[in-house]
Amino acid sequence: MTWVFLAGAILSEVGATLSLRMASQPGGARTWFLAVGTGYLLAFALLTLALAEGLAIGVAYGIWAAVGVALTALASRLLFGEPLTKVMGLGMVLIVAGVLFIELGATH
């Protein structure tokens, strides 16, 4: 269940961040802030459950941040037409590689 909790935390955080973008649009409905608050609360609750299951904070937060950044960038490209350049893609690869090194280092 540890990884399910972490995946749920990531998806909730990404959903909340995308909702924040919707709320900030000109003429955007302020009701999006309800989704923002709910998403972030759920994300932290699920992250807490993943940590309670024994996942190390450095590993959990690294994965959460890396996957969250990548998913948010991809979704913002699809939903809002925001740029996604080769340099940004390289940055995402480097973030994922860094998290992988943290994970590998945590096992020793």
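Computed from a prediction, not measured in an experiment: that's the story for all the values here.

A. Local environment of the overall build of the chain. When its secondary structure is counted, the chain shows four helices and zero strands. Going residue by residue from the N terminus, the α and β elements of the chain occur as α-α-α-α. Counting only C-alpha atoms and orienting by the principal axes, one finds that the chain spans roughly 50 × 35 × 15 Å. Sorting the 108 residues of the chain into buried and exposed places 32% on the buried side. Once local pairs closer than 6 in sequence are excluded, the contacts in the chain between residues at least 24 apart make up 66%. Looking at the chain as shown, the accessible area adds up to about 6700 Å², and 77% of this sits on carbon and sulfur atoms. Mean positive and mean negative side-chain charge positions of the chain (4 and 4 charges, respectively) differ by 21 Å.

B. Examining the environment of phenylalanine 5 more closely. Here phenylalanine 5 is to be found in helix H1 (residues 2–24). Residue class for phenylalanine 5 comes out buried when judged on its relative accessible area of 16%.

C. Quick peek at the packing of aromatic side chains. Counted by the stated rule, this structure contains two aromatic pairs. Arranged with centres 5.4 Å apart and planes meeting at 85 degrees, the rings of phenylalanine 44 and tryptophan 64 form a pair that is edge-to-face. Here phenylalanine 44, found in helix H2 (residues 32–52), pairs with tryptophan 64, found in helix H3 (residues 57–80); they are 20 residues apart in sequence, far enough to count as distant. What makes phenylalanine 44 partly exposed here is its relative accessible area of 47%.

D. How the structure looks around a nonpolar patch on the surface. Taken together, the side chains of Leu11, Val67, Leu71 and Leu74 present a nonpolar region at the surface, about 320 Å² in accessible area. The biggest single contributor to the nonpolar patch is H3, with three residues. You can call leucine 74 partly exposed: its relative accessible area is 41%.

E. Inspection of the pattern of salt bridges at higher detail. All told, the structure shown has one salt bridge when counted by the stated rule. Measuring nitrogen to oxygen at the nearest pair gives 2.6 Å for the salt bridge that ties arginine 21 to glutamate 82. Remark: glutamate 82 occurs in the loop between H3 and helix H4 (86–106) and arginine 21 occurs in helix H1; sequence separation between them is 61 residues. On the basis of relative accessibility, which here comes to 30%, the residue arginine 21 falls in the partly exposed class.

F. Seen up close, the nonpolar core. Leu6, Ile10, Leu47, Leu55, Ile63 and Trp64 are the most contacted members of the largest nonpolar core, which totals 18 residues. Of all the secondary structure elements, the ones that give two or more residues to this core are H1, H2 and H3.

G. Structural view of the packing of H3 against H4. At a minimum axis separation of 9 Å, H3 and H4 run at an interaxial angle of 165 degrees. Here H3 lies roughly antiparallel to H4, going by the angle between them. Of the two possible hands of crossing, H3 and H4 adopt the one that is left-handed. Counted together, Gly58, Val59, Gly62, Ile63, Ala66, Val69, Ala70 and Ala73 of H3 and Met92, Ile95, Val99, Ile102, Glu103 and Ala106 of H4 form the full contact between these two elements. Class assignment of the residues belonging to the contact of H3 with H4 gives a composition of 11 nonpolar, two polar and one charged.

H. Looking closely at the confidence of the model for the chain. For the chain, per-residue confidence averages 91 on the pLDDT scale, and residues scoring 70 or more make up 98% of the total. The secondary-structure element of the chain with the lowest mean pLDDT is H4, recorded at 85, while H2 shows the highest, at 97.

Cut-off values and rules
- Residues numbered from 1 in each chain as written.
- Predicted model: local features only at pLDDT ≥ 70, side-chain atom pairs only at ≥ 80, totals over all residues.
- Heavy atoms only, no water.
- Helix = DSSP H or I, 4+ residues; strand = E, 2+ residues; numbered from the N terminus.
- Buried < 20%, exposed > 50% of the residue type's maximum accessible area, 1.4 Å probe, protein only.
- Contact = heavy atoms within 4.5 Å.
- Areas by Shrake-Rupley, 256 points an atom, 1.4 Å probe, with all protein chains shown as cover.
- Lys, Arg positive; Asp, Glu negative; His and termini not counted.
- Charge placed at Lys NZ, Arg CZ, Asp CG, Glu CD.
- Phe/Tyr/Trp six-rings, centres within 6.5 Å; stacked < 30°, edge-to-face > 60°.
- Patch = residues over 30% accessible without salt bridge, like charges linked within 9 Å, V, L, I, M, F, W, Y side chains within 5 Å.
- Salt bridge = Lys/Arg side-chain N within 4 Å of Asp/Glu carboxyl O.
- Core = buried A, V, L, I, M, F, W, Y, C linked by side-chain atoms within 4.5 Å.
- Axes fitted to C-alpha atoms, helices over the stretch in contact; angles between N-to-C directions.
- Parallel < 35°, antiparallel > 145°, perpendicular 65-115°, else oblique.
- Left-handed = near helix turned anticlockwise from the far one by under 90°.
- Nonpolar A, V, L, I, M, F, W, Y, C, P; charged D, E, K, R; others polar.
- pLDDT = per-residue confidence, 0-100.

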